[in-house]
Amino acid sequence: MEAGRGTRSVVICIAALAAILALSPAVLAVALGVIVAQDRDACPAVWTVPALLLSVLFPAHTFVLLALLPVLFWSSLVRRRDGICPAGMSILGVSLIWHAPSAVPAELVAGLGAAVCGLVGWSVLGASRPGNLGLLRPVLLMVLVVAAQAESLAVCARIALEALLLDLALLVLTAALGQKFPVLAVLRLPFPLLPGLVVLWLGIHAALGMAAGVEGWSVLGMVVALLLGLLSLSNILEVGSLFLARREVVSGTSVLLLGAGSLLMPALVFGLTSPVLHAMGGEWVWPVWSIGAGDGAHLLLPAFILTGAGIWIVLVRPWRVMGGVVQAASLLVPALGKLLTIGDGLFDEAPSLNWMLRRVIAGGRLRLRGLRNMRAPVLPDLRQGAVGLWLVLLGLVLAVLGVMA
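So, a few notes on the structure that sits alongside this text. Not measured: the values here are computed from a predicted model.

**Concerning helix α4 (residues 62-78)**
So, step 1. Along α4, the sharpest kink reaches roughly 55°, centred on leucine 72.
So, step 2. Of all 17 residues making up α4, twelve are buried, and the element is well covered by its neighbours.
So, step 3. Looking one or two residues beyond α4, the residue adopting positive phi is arginine 80, at roughly 55°.

**Digging into the environment of leucine 242**
So, step 1. The topology assignment puts leucine 242 in helix α10 (residues 218-246).
So, step 2. With a relative accessible area of 26%, leucine 242 lands in the partly exposed category.
So, step 3. If near-sequence neighbours (up to four positions away) are discounted, leucine 242 is found in contact with Pro182 and Ala185.

**As for empty space enclosed by the protein**
So, step 1. In the structure shown here, the tally under the stated rule is three cavities of 30 Å³ or more.
So, step 2. By volume, the largest cavity amounts to about 100 Å³.
So, step 3. Every residue along the wall of the largest cavity is listed here: Pro25, Leu28, Ala29, Leu32, Ser55, Pro59, Val64, Leu65, Leu68, Leu96 and His99.
So, step 4. Of all the secondary structure elements, the ones that give two or more residues to the lining of the largest cavity are α2 (25-38) and α4.
So, step 5. The biggest single contributor to the lining of the largest cavity is α2, with four residues.
So, step 6. Here the residues of the lining of the largest cavity are counted per class, giving nine nonpolar, two polar and no charged.

**Some words on the packing of helix α6 (residues 105-126) against helix α7 (residues 137-150)**
So, step 1. It is at 10 Å that the axes of α6 and α7 come closest, and there the two elements cross at 165°. Between α6 and α7, the interaxial angle falls into the category roughly antiparallel. Between α6 and α7 lies a crossing whose hand is left-handed. Contacts between α6 and α7 involve Pro105, Leu108, Val109 and Leu112 from the former and Val139, Leu140, Val143 and Ala147 from the latter.
So, step 2. Considered class by class, the residues forming the contact of α6 with α7 number eight nonpolar, no polar and no charged.

**Points about the nonpolar core**
So, step 1. In this structure, Phe73, Leu144 and Trp217 are the most contacted members of the largest nonpolar core, which totals 94 residues.
So, step 2. Considering every element that reaches this core, the biggest residue donor is helix α8 (residues 154-177), with 14 residues.
So, step 3. With residues near it in sequence (within four places) discarded, tryptophan 217 still touches Pro105, Val109, Leu144, Ala147, Met210, Ala211 and Val224.

**What to know about helix α3 (residues 45-57)**
So, step 1. Helix length check: α3, at 13 residues, gives a terminal C-alpha distance of 18 Å against a target of 18 Å (1.5 Å per residue), a fit within 8%.
So, step 2. Along α3, the residues that are buried comprise Ala45, Thr48, Ala51, Leu52, Ser55 and Val56. An end-on view of α3 places all buried positions within 140° of arc, on one side of the element.

**Here's the deal with a nonpolar patch on the surface**
So, step 1. Taken together, the side chains of Leu263, Leu264, Leu268, Leu272, Trp289, Leu300 and Leu306 define a hydrophobic patch exposed on the protein surface, amounting to about 710 Å² of accessible area.
So, step 2. If you tally residues by element for the nonpolar patch, the top one is helix α11 (residues 252-272), at four residues.
So, step 3. Tracing the sequence through the fold places leucine 300 in the loop between β2 (298-299) and α13 (301-316).

Reading guide: rules and limits
Residues numbered from 1 in each chain as written. Predicted model: local features only at pLDDT ≥ 70, side-chain atom pairs only at ≥ 80, totals over all residues. Heavy atoms only, no water. Bend = angle between axes of the 7 residues up to and from the residue. Helix = DSSP H or I, 4+ residues; strand = E, 2+ residues; numbered from the N terminus. Buried < 20%, exposed > 50% of the residue type's maximum accessible area, 1.4 Å probe, protein only. Contact = heavy atoms within 4.5 Å. 1 Å grid on protein atoms, 1.4 Å probe; cavity = no way out; pocket = protein on both sides within 12 Å on 5 of 7 lines; lining within 4 Å. Points joined across faces, edges and corners; volume = space filled by probe spheres on them. Nonpolar A, V, L, I, M, F, W, Y, C, P; charged D, E, K, R; others polar. Axes fitted to C-alpha atoms, helices over the stretch in contact; angles between N-to-C directions. Parallel < 35°, antiparallel > 145°, perpendicular 65-115°, else oblique. Left-handed = near helix turned anticlockwise from the far one by under 90°. Core = buried A, V, L, I, M, F, W, Y, C linked by side-chain atoms within 4.5 Å. Expected span 1.5 Å × (residues − 1). Arc of directions from axis to C-beta. Patch = residues over 30% accessible without salt bridge, like charges linked within 9 Å, V, L, I, M, F, W, Y side chains within 5 Å. Areas by Shrake-Rupley, 256 points an atom, 1.4 Å probe, with all protein chains shown as cover. Salt bridge = Lys/Arg side-chain N within 4 Å of Asp/Glu carboxyl O.

In structure tokens, the structure reads:
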């Protein structure tokens, strides 16, 4: 499941995507236990083991879902390493919320918001760039889907599901081809003509629809919209650091794939999943010309792209100057990467704080250092027997529950 192994990543992401509709919480618990045992940079065992056991005992409770978020995203967000396929972790997070309809969406939004703000604040105080916070965006969109379904707002649920499916498709595409074509990470950016803008636009409209249509969501809807914007900005930092680290010439094939993804990804994703979206929202979705937000607003991005592509084909005749067009785009994409790296300046230097805040922060660091020095259980290398050992552990837990019942 290492990032960059295209075939394995695609198979794992498709299998994890099937878990959203096909698997049960018990099977998800087995999958989580096995996957965490494969990662050597995973969340510490003092947190992982109790969280996984609680997920078996109380699979649909909000506090358990929030406790599992560090288990899923510890490598990417805390250690800033992508040892386990990030797309698979996001899909499993979506699956957990999908199979917990009794969880409280407001508490999930509050927990996700606190986690994002805590990670950003820790990065600012420590003068270090945050991890790939964009991995939390599908989880937040799934919370919107569950909340809209609970409030019988089918249109809002459909719009949030559209954004969710497109975001997951972009994650899977990046996991499959990211090692060979790193420029494909640009597709998740919230810029015009890119699918990332469609994800952000649909997510914000779904959140504002919840704020306008549900009593008690007027503030939460605005918070979700702001969180979606913040997570999209974190994608800019992630892509900028990627370009800064690689410093290589963008190939013509990468440019063509980037153009094809911008042109076809929304239509392909919404077209292939249109029966599911129709069953949820009562409306067929095939955005060949425009993308609707359910509240009367329409994003004419496909119309603009198709019109521009038609004019370009007729007037420019790309089959004659394709080499020149690809060469120009190959120079433009690294320039975009240099522009995106400007945001790293926010984390070059820790802010200057007064003595009271510095005293509080220093005291907190001493307490954390004391916790780190405590002897914590270290799991041996259980990669070969992870499935059997975790099934035995789950069997013991279920046996105790059966005796107590």
